Amino acid sequence: MNENVLPSVLATGQLQSRVQRRGRYVAESMRHPGKMLPSIASQVISAFTEPGELVVDPMCGIGTTLVEAVHLGRHAAGMEYEADFAGLTAANVQYARSQGATGFARVACGDARNIATVLGDLRDMAALVLTSSPYGVRTHGHVHCGSREGGGPVKKSNHRYSTDKGNLAHQRLPQLMEGFGRILTGCGELLRPGGVVAVTVRPIRVDGRLVDLPGQVIETAEAAGLVLTHRLAALLCGLRDGRLVNRASFFQMLETWRSREQGHPVCAAAHEDLLILRKRGGEC
């Protein structure tokens, strides 16, 4: 399979994240602050692998990549720094297997910068590496606020990946990209000839300034020996009667409103970039 089977824009946000996971993941999964949409994972896995092949996610979170892979009859391996989330990955894979998923998966708890060593027995075996780029220590998470009539404070929850300073998410952007480059280099050692690396990433705002994180990931990947072959868009919004149904977070919308009040023509992001890369010398 190859990227030519995918459209340039993937309709992956027709259903909300919680609806896509309902009955397919354990309920606790929703507290992870930065989950990949299951529909993104399933479409990418279907496009670039065949049943029985291996999919790897070096930062697997609660195991979205692994779960969708085993449901599609692929095998999967993941790494996750946080023991809590690694446990949720294991629970989600077990749940998938109880529902009839035919693939097998394993998860290792540890620093993915060492993935080539930890998963060394999988060297040259992965047909696909699928992951989401880290965004830093803070994410939007979940919001709880007072009633529309009575008002009340806005409270955030589940908005941190970790309180462990050893987690890559605590690093500033240059150091975060350096660490991600090491992860991609290690993943390249696990790829079989002709294998694909797929990364989902979106632009971020830091102190109101838009940062081209996808561009930085591309530069980091190229330094790690990978070559960009396609840059696609995976929608985070729904399509209804020719219109977009925005599923942006409360805080993303709040940033948009504030910027517009200051006269800046800002829009809320409605997609993630889907970067398709191959090892240098193996691109199509």
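Data block above holds the structure.
Remember, it's a predicted structure, so these values are computed and weren't measured experimentally.

A. A look at the sheet that holds strand E14 (residues 271-279). Ordered in space as E1-E11-E14-E8-E5-E2-E3-E4, the eight strands form an open sheet in which the pairing is mixed. In this open sheet, the two strands that pair with only one neighbour each are strand E1 (9-10) and strand E4 (105-109). By the bridge criterion, four bridges tie strand E2 (residues 54-57) to strand E3 (residues 75-80) in an arrangement that is parallel. Within E3, the position partnered with Leu54 by the bridge is His75. Contacts from helix H4 (residues 83-98) reach E3 and E4, with the element oriented near 170° to E4.

B. Seen up close, H4. Look at H4: 23 Å from first C-alpha to last across 16 residues, which is about the 22 Å you get at 1.5 Å a residue. Every buried residue of H4 is accounted for by Phe85, Ala86, Leu88, Thr89, Asn92, Val93 and Ala96. The arc that holds every buried residue of H4, seen down its axis, measures 155°, which confines them to one face. Summarising the geometry of H4, the exposed residues directed more than 90 degrees from the buried face are Ala83, Gln94 and Ser98. The inward-facing, buried residues of H4 contact helix H3 (64-71), E3 and E4. Just beyond H4, the residue with positive phi is Gly100, at close to 105°.

C. Layout of the side chain of Ser259. With respect to the helices and strands, the residue Ser259 is situated in helix H8 (residues 250-261). Given the relative accessible area of 11%, Ser259 is considered buried. Not counting residues within four places of it along the chain, the set of residues in contact with Ser259 comprises His264 and Val266.

D. Examining the environment of Glu255 more closely. By secondary structure assignment, the location of Glu255 is in helix H8. The class for Glu255 is partly exposed, based on a relative accessible area of 33%. When the C-alpha atoms of Glu255 and Val266 are compared, they prove to be 8.8 Å apart, with 11 residues separating the residues in sequence.

E. Representation of the nonpolar core in the model. Counting residues in each nonpolar core, the largest one holds 34 residues, and the members touching the most others are Val56, Val197 and Val217. Among the secondary structure elements, those contributing two or more residues to this core are E2, E3, strand E5 (126-132), helix H6 (173-190), strand E8 (191-201), helix H7 (213-223) and E14. Looking at this core element by element, the count peaks at seven residues for H6. The residues contacting Val217, other than those within four sequence positions of it, are Ser133, Met177, Phe180, Val199, Val201 and Leu275. Ranked by size, the runner-up nonpolar core spans 25 residues in total, among them Ala47, Phe48, Ala69 and Leu232.

F. The arrangement of unusual backbone geometry in detail. One non-glycine residue, Asp124, lies in positive phi territory at about 65°. For Asp124, the position within the fold is in the loop between helix H5 (115-118) and E5. Phi at Asp241 takes a positive value of approximately 50°, unusual for a residue other than glycine. Secondary-structure assignment places Asp241 in the loop between strand E12 (238-240) and strand E13 (243-245). Look at Asp241 and you get exposed, because its relative accessible area is 81%.

Cut-offs applied
Residues numbered from 1 in each chain as written. Predicted model: local features only at pLDDT ≥ 70, side-chain atom pairs only at ≥ 80, totals over all residues. Heavy atoms only, no water. Pairing = 2+ DSSP bridges. Helix = DSSP H or I, 4+ residues; strand = E, 2+ residues; numbered from the N terminus. Contact = heavy atoms within 4.5 Å. Axes fitted to C-alpha atoms, helices over the stretch in contact; angles between N-to-C directions. Expected span 1.5 Å × (residues − 1). Buried < 20%, exposed > 50% of the residue type's maximum accessible area, 1.4 Å probe, protein only. Arc of directions from axis to C-beta. Core = buried A, V, L, I, M, F, W, Y, C linked by side-chain atoms within 4.5 Å.

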